[in-house]
Amino acid sequence: MTAVPFLPKNAPFTAEEINLLNQLVQKSTPLQRSWLSGFLAGLDAAQGQSSAGAAIAPAAQARPRQPLTILYGSESGNSESLALKTKKLAAKQNFDAKVVDMADADLATIAKSKNLIVYIATWGEGDPPQRAVDFHKALMSDDAPRFDGVRFAVLALGDTAYVNFCQTGKQIDARLEALGATRVADREDLDLDFQKAAAAWTDKALEVLAPADTAPNTVVHVDFKGAPAADEDDEPRFTAENPIEAEISALINLNGTGSTRETWHAEFAVDDPGFVYKPGDAIGLYPENDPELAGDLLKAVGLESDAALKQKLVHSFDITTLSRPLVDGYAKLTGRKDVAKLLEDGELARFSADRQLVDLFESFPEKLSADQFVKLLRPLPGRLYSVASSLKAHPGEAHLLVGAVRWTSHGRTRKGVTSTYLADRCKTGGKARVYIKPNRHFGLPADGDRPIIMIGAGTGVAPYRGFIEERAENGDKGKSWLFFGERNFSYDFLYQLEWQDHLASGALSRIDVAFSRDQPEKIYVQTRLWERREELLKWLDEGAHIYVCGDEKGMAKDVDTTLAKILAETAKGDEEAGRAKLKELTKAGRYQRDVY
Amino acid sequence: MTDKRSKNEFLKEESHFLRGTIADGLSHVETGAIADDDTQLIKFHGSYMQDDRDVRGERAKKKLEKAFSFMIRLRLPGGLVSPDQWLKLDDIAGTYANGSLRLTTRATFQYHGVIKSNLRRTMQAINGACLDTIAACGDVNRNVMCVGNPFVSPVHAAAGDLARKISDHLLPKTSAYHEIWLEGEKVADMTRPAVPDTEPLYGVHYLPRKFKVVIAVPPHNDGDVFAHDLGFIAITDAKGALVGWNVSVGGGMGMTHGETDTFPRTGDVMGFCTPEQAVDVAEKVMLVQRDWGNRELRKNARLKYTIERFGIEKFRAEVESRLGYKLGEARPFKFTSMGDPIGWYQGPDKKWHLGLFIENGRIKDTPDHHLRTAIREIAEAGGVTFSITGNQNVIICNVSAKQKTKIEQILKANGIAIATSSGMRRNSISCVALPTCALALAESERFLPELITALEDSLDKAGLRDDDIVIRMTGCPNGCGRPYMAEIGFVGRAPGLYNLYLGAAFDGTRLNKLYAQDVGKARIVELLDPLLARYAKERNEGERFGDFVIRAGVVKPTLGGNSFHSDVTLA
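So, the overall build of chain B
Move 1: Regarding its fold elements, chain B presents 17 helices and 20 strands.
Move 2: Relative to the compact-globule value of 25 Å for 571 residues, chain B shows a C-alpha radius of gyration of 23 Å, a close match.
Move 3: In terms of overall dimensions, chain B has C-alpha extents of about 70 × 55 × 55 Å along its principal axes.
Move 4: In chain B, which comprises 571 residues, the share counted as buried stands at 54%.

Some details on the overall build of chain A
Move 1: Within chain A, the regular secondary structure consists of 22 helices and 18 strands.
Move 2: A total of 596 residues make up chain A; the buried ones form 42% of that total.
Move 3: For chain A, contacts bridging at least 24 residues in sequence account for 75% of all contacts bridging at least 6.

Side note on the sheet that holds strand E13 (residues 362–363) of chain B
Residues and elements named next belong to chain B.
Move 1: Read from one edge to the other, the open sheet built from five strands follows the order E1-E2-E5-E4-E13, with strand pairing classed as antiparallel. A strand with exactly one partner marks an edge of an open sheet, and here the two such strands are strand E1 (47–51) and E13.
Move 2: Bridge count between strand E2 (residues 68–73) and strand E5 (residues 109–114): three bridges; the pairing is antiparallel. Residue phenylalanine 70 lies in a different strand from E5, and its bridge partner there is valine 114.

So, the interface of chain A and chain B
Move 1: Listed as interface residues are 20 residues of chain A and, on the opposing side, 19 residues of chain B.
Move 2: Elements with a minimum of two residues in the side of chain A that touches chain B: helix H17 (489–492), helix H18 (496–505) and strand E16 (510–515) of chain A.
Move 3: With six residues, the single largest contributor to the side of chain A that touches chain B is H18(A).
Move 4: Across the side of chain A that touches chain B, the residue classes tally to eleven nonpolar, six polar and three charged.

Digging into the packing of helix H5 (residues 83–95) of chain B against helix H12 (residues 371–381) of chain B
Any two packed helices are characterised by how steeply their axes cross, that is the angle between the axes, and by the distance between the axes.
Residues and elements named next belong to chain B.
Move 1: Viewed as axis vectors pointing N to C, H5 and H12 meet at an angle of 145°, and their least axial separation amounts to 8 Å. The two elements H5 and H12 cross, and the hand of that crossing is left-handed. Facing H5, whose interface residues are Pro83, Trp86, Leu87 and Asp90, H12 presents Arg372, Ile375, Arg376, Ala379 and Glu380.
Move 2: Partitioning the contact of H5 with H12 into residue classes produces five nonpolar, no polar and four charged.

With respect to the sheet that holds strand E2 (residues 95–101) of chain A
All names here are of chain A.
Move 1: Read across the sheet, five strands follow the order E2-E1-E3-E4-E5 without closing on themselves; strand pairing throughout is parallel. This sheet does not close on itself; its edge strands, each paired only once, are E2 and strand E5 (182–190). Taken over all neighbouring pairs, the strand axes of this sheet differ in orientation by 15° on average, direction set aside.
Move 2: Relative to E5, strand E4 (residues 151–157) runs parallel, the two being bridged by six bridges. Residue pairing in the sheet places arginine 151 in a bridge with threonine 182 of E5.
Move 3: Packed on one face of the sheet, helix H6 (residues 167–178) meets strand E3 (115–121), E4 and E5 and runs near 170° to E4.

Points about helix H15 (residues 417–425) of chain A
Residue and element names in this part refer to chain A.
Move 1: Burial runs high along H15: seven of the nine residues are buried.
Move 2: Of the residues making up H15, those classed as buried are Val417, Thr418, Ser419, Thr420, Tyr421, Leu422 and Ala423.
Move 3: Lining the buried residues of H15 we find strand E7 (263–269), strand E8 (282–286), strand E9 (383–386), strand E10 (397–403), strand E11 (406–409) and strand E12 (412–415).

A short note on the pairing of strand E6 (residues 244–253) of chain A
Residues and elements named next belong to chain A.
Move 1: Sheet topology note: the E6/strand E13 (residues 431–437) ladder contains four bridges and is antiparallel. Looking at E13, one finds that alanine 246 is bridged to alanine 432.
Move 2: Two strands pair when backbone bridges link them, and E6 and E7 are joined in this way by six bridges, in the antiparallel orientation. Each bridged residue has a counterpart across the sheet, and for isoleucine 248 the counterpart in E7 is phenylalanine 268.

Overview of the packing of helix H21 (residues 552–571) of chain A against helix H22 (residues 575–587) of chain A
All names here are of chain A.
Move 1: Put simply, H21 and H22 touch, their axes get as near as 7 Å, and they point 100° apart. It follows from the interaxial angle that H21 and H22 lie roughly perpendicular. Contacts between H21 and H22 pair Leu563, Ala564, Lys565, Ile566, Leu567, Ala568 and Ala571 from the former with Glu575, Ala577, Gly578, Arg579, Lys581 and Leu582 from the latter.
Move 2: Of the residues belonging to the contact of H21 with H22, the class tally is eight nonpolar, one polar and four charged.

A closer look at the nonpolar core
One recurring pattern in soluble globular proteins is that nonpolar side chains are buried together.
Move 1: Grouped together as the largest cluster of nonpolar side chains are 237 residues, with contacts concentrated most on A:Ile283, A:Leu400, A:Ile453, A:Met454, A:Ile455 and B:Ile396.
Move 2: Considering each element in turn, this core owes the most residues, seven residues, to H21(A).
Move 3: Leaving out residues up to four positions away in the same chain, A:Ile453 has contacts with A:Trp481, A:Leu536, A:Trp539, A:Ala544, A:Ile546 and A:Tyr547.
Move 4: One finds A:Val99, A:Ala103, A:Tyr162 and A:Leu190 within the second-largest nonpolar core, a separate group that totals 48 residues.

With respect to the confidence of the model for chain B
Residues and elements named next belong to chain B.
Move 1: Overall, the prediction assigns chain B a mean pLDDT of 95, with 98% of residues at 70 or greater.
Move 2: Taken as a whole, residues 185–192 scores under 50 in pLDDT and shows 18 contacts with residues more than four places along the chain or in a different chain.
Move 3: Two numbers describe this predicted complex: its pTM, 0.87, and its ipTM, 0.93.

Regarding unusual backbone geometry
Move 1: Geometrically, the link from B:Pro218 to B:Pro219 is a cis peptide bond, its omega value of 10° lying close to zero.
Move 2: The residue B:Pro219 is located in the loop between strand E7 (213–216) and strand E8 (230–236) in this model.
Move 3: Residue B:Pro435 follows B:Leu434 across a cis peptide bond; omega there is 10°.
Move 4: Here B:Pro435 shows up in the loop between strand E16 (428–430) and helix H15 (448–462).
Move 5: Even without glycine at this site, A:Tyr495 takes up a positive phi of about 60°.
Move 6: Phi is positive for B:Leu18, close to 75°, though the residue is something other than glycine.
Move 7: Tracing the backbone shows B:Leu18 in the loop between helix H1 (7–14) and helix H2 (22–26).

Re helix H8 (residues 291–300) of chain A
Residues and elements named next belong to chain A.
Move 1: Those residues of H8 that fall on the buried side of the exposure criterion are Leu293, Ala294, Leu297, Leu298 and Ala300. Angularly, the buried residues of H8 cover 160° about the axis, an arc narrow enough to put them on a single face.
Move 2: In the segment just after H8, glycine 302 is the residue with positive phi, at about 75°.

Regarding the environment of A:Ala161
Move 1: Mapped onto the secondary structure, A:Ala161 falls in the loop between E4 and H6.
Move 2: Beyond its immediate chain neighbours, meaning those up to four positions away, A:Ala161 contacts A:Thr321 and A:Ser323.

A few points about the confidence of the model for chain A
Residue and element names in this part refer to chain A.
Move 1: Summing up the model confidence of chain A, the mean pLDDT is 89 and the portion of residues at 70 or higher is 88%.
Move 2: Note on residues 50–61: pLDDT is under 50 here. Beyond four places in sequence and across chains, it has 15 contacts.
Move 3: Low pLDDT, under 50, characterises residues 214–232; the stretch is placed with 36 contacts to residues that sit more than four places away or in other chains.

The rules behind each value
Residues numbered from 1 in each chain as written. Chains lettered and ligands numbered in written order. Predicted model: local features only at pLDDT ≥ 70, side-chain atom pairs only at ≥ 80, totals over all residues. Helix = DSSP H or I, 4+ residues; strand = E, 2+ residues; numbered from the N terminus. Rg over C-alpha atoms; globule rule 2.2 N^0.38 Å. Buried ≥ 20, exposed ≤ 12 C-beta atoms within 10 Å, placed from the backbone. Contact = placed C-beta atoms within 7 Å. Pairing = 2+ DSSP bridges. Nonpolar A, V, L, I, M, F, W, Y, C, P; charged D, E, K, R; others polar. Axes fitted to C-alpha atoms, helices over the stretch in contact; angles between N-to-C directions. Left-handed = near helix turned anticlockwise from the far one by under 90°. Parallel < 35°, antiparallel > 145°, perpendicular 65-115°, else oblique. Core = buried A, V, L, I, M, F, W, Y, C linked by C-beta atoms within 7 Å. pLDDT = per-residue confidence, 0-100. Arc of directions from axis to C-beta.

Written as structure tokens, this is what we have:
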């Protein structure tokens, strides 16, 4: 017998709702209906309510659960991944936890949290992550709501390479207290190697915040309130803590002879089905240090004869970053007043400008023991690059596009650690350690029919190669438009032949290019955006997603401003109106940036 | 019956008066190239698509297409440039081209390395100097060359005037050039005809092949008059006043290696015309070639082959029938040299003129010699006129005594010596060849200077350093550097290898003859060193090297183009 599912007219809904539900239920499969009934039961259980009509009994016993808001502000995804992990952990400990991205957070709602854990990154010179700027501003403003009765703990992430280490975390921690919240665990400020310490801190914080009864919760919990910001189960197998060895199967400087650039295309082959990424994700690459620089350092501290130590420096330690903790440690170790003086107001910022570790040891030389020396150093971090390939197009491979960084300062030739490791010392056929860093905020629309507008300069074009390859493999029908900028057409048109092929096949619908040094006036991608604004707006009307990837100061900021101006035209308003439109697009996931 | 006309004939016919899809090609920003067919059409606009052959090998590996760029050649009939124009042309070289100006063997300027996105801007900048590039290449009447210094006599001035008149008269009338390059908007293409164009002289097919006109004033044959399709040779009366022009037809350089039915040819002097008739004669000669030239085989399409096929008498009769009058009988004249006078000399009005030797016509700054800067500074000082020669040199004309000192200072300050090179170097010409020319089989511009340096040792040993000896090199047999008219000629065969030709006349009246095949630098020096030594010892009074090698039996004389490949005895 096949009964047509139908809600009676006297069901406790409005006529319109009944209509909608009927439409849904009529089309549903038995499995879907069965799932839905469990869902609704679970929902009530989770909210601690009993089913009013008693038509369906709850599937399991409800228990009182401790509410917990896990708030994060993330730039590279570290805070986000901590927040998501904590949520899983908290669920097991009978928390009713929700994860909120500062990008989506409503300050007033957050202020009503009972328990609040904050994971907050600091970006660049002491700034909040870009997507957290608005929240941060609101929190710091005089109009911020009181946080009375909120129990909180802040974990700050940062990079000691920057003078204002964990600045944003410090600010938020202090601000929450000032607004009346109660700190239940001390803030910790963590450097790039944060994982272990963060896990310990989280355990501690959850313990303090835990409800009295922490018996394992057997109810299938459905998070209903705060929709998760992203899929929680996509923690990659190969992480910074667990990299995999890859073979370098190709390594090419893409810039033609005559170029002022040096941009390397590197292909890494990984023989493991667990190596999974999607276009838009980042790939981490563990470098090795320049042996010559390691030698100079050892010489400066009188350890030049220690070959084993040199090997350790090359492979395991950060030997370039001149950080405050390091200077502090060196001052304490040596008792040098001149080094201690660097820690006074503004001194370190002045000294460390365009200087590195070696300058410290050469300027304030002391003989150290191997042990003393190594204790000053932090581990050598991996470096993240937006992946330039689609796994579907290149199974078992990840391609990176890496600009070699070289400059001279204070009489010394400087080299970007990872980029010149790749450019100068890696060879095709050699090995390197890589890992995956998902980027939940930069990726193709799920809908393959959506138009996409990709804006990138220099190595910022990398993810778009992956995007277009992915769409070509999928057979997606959505239009695509690439804006690419570099210095010279003849030498710097990264992946030119591939774009030509994609245009010919239709995988790429349009391309506009901006080469800044081919003519007397500078032409940048934003110049082209402005020229094409009418068509651009048409594409947006058609639901296009906009992507920006590349250097923030050099490009992304100006692109952002130009987009705001273009949108202002349609909004018939000023740039502010345009910015508001951009924000709407951001909220809708249609304006995504991967900038550095 | 199948239409056997060459592919280019169809291209021209369907191009809607040279438009093709050039404008559309310019809008394709993903490539530095234009469509294949358009590469033929753009020549008529004065440009060749090229690519940097030095880097061809690496490009695909780097995921880059060939390093395409464009050569742009100016139309400069008569070869004169004002200081203001020079400054503008110099700006263009720095802004859009490869930082150099290249003087051609046909007395005009070329730019190299202009990328597609800058083509329009460059054309507009050239237009801003009141110059253009129309018909500087392609199957049309090319730049009309009249060389020498127009300020030294009224006859020279008349020669310049004639060059400009012929150029204007034979200029294509299509509006495609303006539309594509100067307006840059509302461009019609072949599917979207705009204003109907007509080409009263050319028709939709233009000429079968290029057509080159030169004007010469004896005794200098500095324009190589017999190397061109059509030449006018000034004839003067006893007082030196112009009475008319001898008309030479059927000269031309290009040939193909290994195809003996292709050959360079010296023109035949077929008659004499009055000054008033000259433009008309130019037109009718071109029209007979338009109608009689071979349109099936481009290798056989130049006027020289038409005349070989029909004979000079029949050709002359056809020209005369179209003119409606007979040409006069050719008058006597005498050429003495092909080279340019280098250094300072005074004209009849006591103004100074400086023949400035420009090696291979390449005007650029090197660390030690700031040639481009020097000429720029001379132009900035103003008050002179620049005359470009067919030997790739510059004459700075009409210099006052005061300016002379200033110019000398400028040259010295920039490391430019006026007359220190050897007689051989002063009389050298090379084409551009690698890395930009698609046709080059071997180096030319980048190799000839070092070859001459090597030969200068032989010259010094023989005591010939100051003797004028004409030496020319081209990277391929098409002969832009007119190597077949050189006493010592080189034609590229393969990287590092050349055919060596000897025995052309110093006055440009006789072709040379193949002497050695596929020789490299060391072998060249080995072959020429003893010949130069013998020449120094055994020459007659005033005997030129090109004549000596014939008298000495080193090579047989080439008495006409059709015997260029005969009587060859290789060394």
